[in-house]
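These are the residues of each chain, in order.
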Amino acid sequence: MKFIKECFYGEVEEKKSKFYAGLFPLEREADVEGLLEACRKKYRDARHHCYAYIYLEEGEGILQEHKKQSDDGEPAKTAGMPILQRMESLELKNALLVVSRIFGGTLLGTGGLSRAYSDAAKAVLEKAVFLERIEGWELQLQIPYSLLGKLEYSFTEQNISVLDKAFTENVILRIRVKEEQYSGFEKQIREYGPQVVFLAIKKCRWYTR
């Protein structure tokens, strides 16, 4: 799955009709209407603001995908569906893609419209910076100074991030471990016995390119 954390813009022109595409991160499904209204205000001369979005609703271990597409007055399946298909091909989630069309005076036909909306979606998606969402655990460990170098080397080899270090009578490490790594990581740490103390642990999520 891919995600975005910024807005991106692109445009294409077909027979003097201009297609302005905007790609927006979607924190809540309820945000869609506000983002569409912003596009309507930005492109006041546009007759159509066609869009698609994919949103993951999460709660208590349940993951449900919501999808919607709209032709906004264009012939059926010539606008919203091509936009949605571009998003689906990239496995993009929690995003809204809007294409606002300003008519140039020449009719494009259904085939031409479908290609133009698809091309506009492609144009903005090619500019986007996609992120991978990582599920995992954030932990706070207390270790003796004698283990610091050894554990830091081990964490580097396993691509485990050390977020923070505090030096007191012992060393306090705050680290982040991917979900799929955690079982092996915990087993490794338990081998040090009482030298390593788990002070805190919590579920976390982060994004990376």
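Every chain is numbered independently, its residues counted from 1 as its sequence is written. Totals for whole chains, interfaces and linings use all residues, but because this is a predicted model, local features are given only for residues with pLDDT of at least 70 and pairs of side-chain atoms are given and counted only at 80 or more. For the side-chain quantities, the full set of heavy atoms in the structure was used; hydrogens and water were omitted.

Draft legend 1. Structural context of the packing of aromatic side chains. What counts as a ring pair is set by centres within 6.5 Å for rings of Phe, Tyr and Trp (its six-membered ring), and what kind of pair is set by the plane angle: stacked under 30 degrees, edge-to-face over 60, tilted for all other angles. Taken as a whole, this structure holds 8 aromatic pairs when the rule is applied. Taken together, a centroid distance of 6.2 Å and an interplanar angle of 25° make the contact between Y145 and F167 stacked. Of this pair, Y145 sits in helix α4 (residues 145–157) while F167 sits in strand β7 (residues 161–167); the two residues are 22 residues apart in sequence, bridging distant segments of the chain. Each residue is assigned to one of three classes by its accessible area relative to the maximum for its type, calculated with a 1.4 Å probe on protein chains only: buried under 20%, partly exposed between the two thresholds, exposed over 50%. Classification of F167 by relative accessible area gives partly exposed; the value is 49%. Labels follow the DSSP assignment, with helices taken as runs of H or I lasting at least four residues and strands as runs of E lasting at least two, numbered in each case from the N terminus.

Draft legend 2. Region of interest: the environment of S183. Assignment of secondary structure puts S183 in helix α5 (residues 182–190). Along the sequence, S183 and N94 sit 89 residues apart, while their C-alpha atoms lie 29 Å from each other.

Draft legend 3. Local environment of the nonpolar core. Joining through side-chain atoms within 4.5 Å is the link that ties buried Ala, Val, Leu, Ile, Met, Phe, Trp, Tyr and Cys residues into a set, and such a set is a nonpolar core. The biggest cluster of nonpolar side chains holds 26 residues, and the ones touching the most others in it are L23, I83 and L97. For this core, the secondary structure elements donating two or more residues are β2 (17–25), β3 (48–59), α2 (80–89), β5 (95–102) and α3 (109–127). Looking at this core element by element, the count peaks at 7 residues for α3. Filtering out sequence-adjacent residues up to four positions away, L97 remains in contact with A21, G22, L23, C50, Y51, A52, I83, M87, A121, V124 and L125. Among the nonpolar cores identified, the runner-up in size contains 17 residues, and I143, L173, Y182 and V196 belong to it. Residues are treated as being in contact if the distance between any of their heavy atoms lies within 4.5 Å.

Draft legend 4. α2, seen in detail. The complete set of buried residues in α2 reads G80, P82, I83, L84 and M87. Elements in contact with the buried residues of α2: β3, β4 (62–70), β5 and α3. Where α2 ends, the next residue or the one after it, E91, has phi of about 55°, a positive value.

Draft legend 5. Spotlight on the pairing of strand β6 (residues 132–143). Judged from the 11 bridges that link them, β6 and strand β9 (residues 197–208) form a sheet pairing that is antiparallel. Each residue of the ladder has a partner; that of E132, found in β9, is T208. Where β6 lies against strand β8 (residues 171–178), 8 bridges are found, and the strand directions are antiparallel. Across the sheet, the residue bridging to I143 is V171, located in β8. Following DSSP output, two strands are said to pair if at least two bridges run between them.

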